[in-house]
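# Structure assessment
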Amino acid sequence: MRQSPHRSLIDGLTSLLEAHPMDGAVSSDVRLRLCGNLEEARLLALEDRADALLRLAAAKRRFERADQPAGGASDAERMAASSSSRLPVGSG
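Residues numbered from 1 in each chain as written. Predicted model: local features only at pLDDT ≥ 70, side-chain atom pairs only at ≥ 80, totals over all residues. Heavy atoms only, no water.

## Quick look at the packing of helix α1 (residues 5-15) against helix α2 (residues 28-67)
Definition in use: Only the contacting stretch of a helix is used when fitting its axis, a line to C-alpha atoms as for every element, and angles between N-to-C directions run 0 to 180 degrees. By definition, any uninterrupted DSSP run of H or I lasting at least four residues is a helix, any uninterrupted run of E lasting at least two residues is a strand, and each is numbered from the N terminus. Here the angle decides the label: under 35 degrees means roughly parallel, over 145 means roughly antiparallel, 65 to 115 means roughly perpendicular, and every other value means oblique. By the convention used here, residues are in contact when the closest approach between their heavy atoms is within 4.5 Å. Any residue that is not Ala, Val, Leu, Ile, Met, Phe, Trp, Tyr, Cys, Pro, Asp, Glu, Lys or Arg is counted as polar, Gly included; the first ten are nonpolar and the last four charged.
Direction vectors running N to C along α1 and α2 enclose 170°, while the axes themselves pass 10 Å from each other. One way to sum up the angle between α1 and α2 is to call them roughly antiparallel. Residues His6, Arg7, Ile10, Asp11 and Thr14 of α1 form the contact with α2, whose participating residues are Ala45, Leu46, Arg49, Ala52, Leu53 and Leu56. Each residue belonging to the contact of α1 with α2 can be placed in one class, and the counts come to six nonpolar, two polar and three charged.

## As for the confidence of the model for the protein
What counts, and what does not: Each residue carries a pLDDT value, the predictor's own confidence for that position, ranging from 0 to 100.
Residues at a pLDDT of 70 or more form 72% of the protein, whose mean pLDDT is 75. The secondary structure element of the protein with the lowest average pLDDT is helix α3 (residues 75-84), at 59, and the one with the highest is α2, at 86.

Below, the structure written as structure tokens:
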């Protein structure tokens with residue numbers, strides 16, 4: 001299944017946040033002191049990503065339900081039913 005452009009954008013932006021800042025360059029204590037706020041922002045962005053993906057999936061489901069015909073009948077079924085009701089009745 002093809003990924004939506006919105007999902008691709010969200011995934012692309014958050015992929016920039018996967019690595020921890022200064023990881024491997026300094027000790028974890030120094031990294032926490034220097035980049036604590038950045039780490040918190042990274043985690044918040046990942047939470048926002050999860051929320052956005054949930055909202056995107058919910059909107060997609062609503063759109064798909066709204067696109068379905070009322071009563072579960074397809075367009076072809078409704079057309080067949082309406083045309084058969086107009087057929088002339090033979091005298092017999």
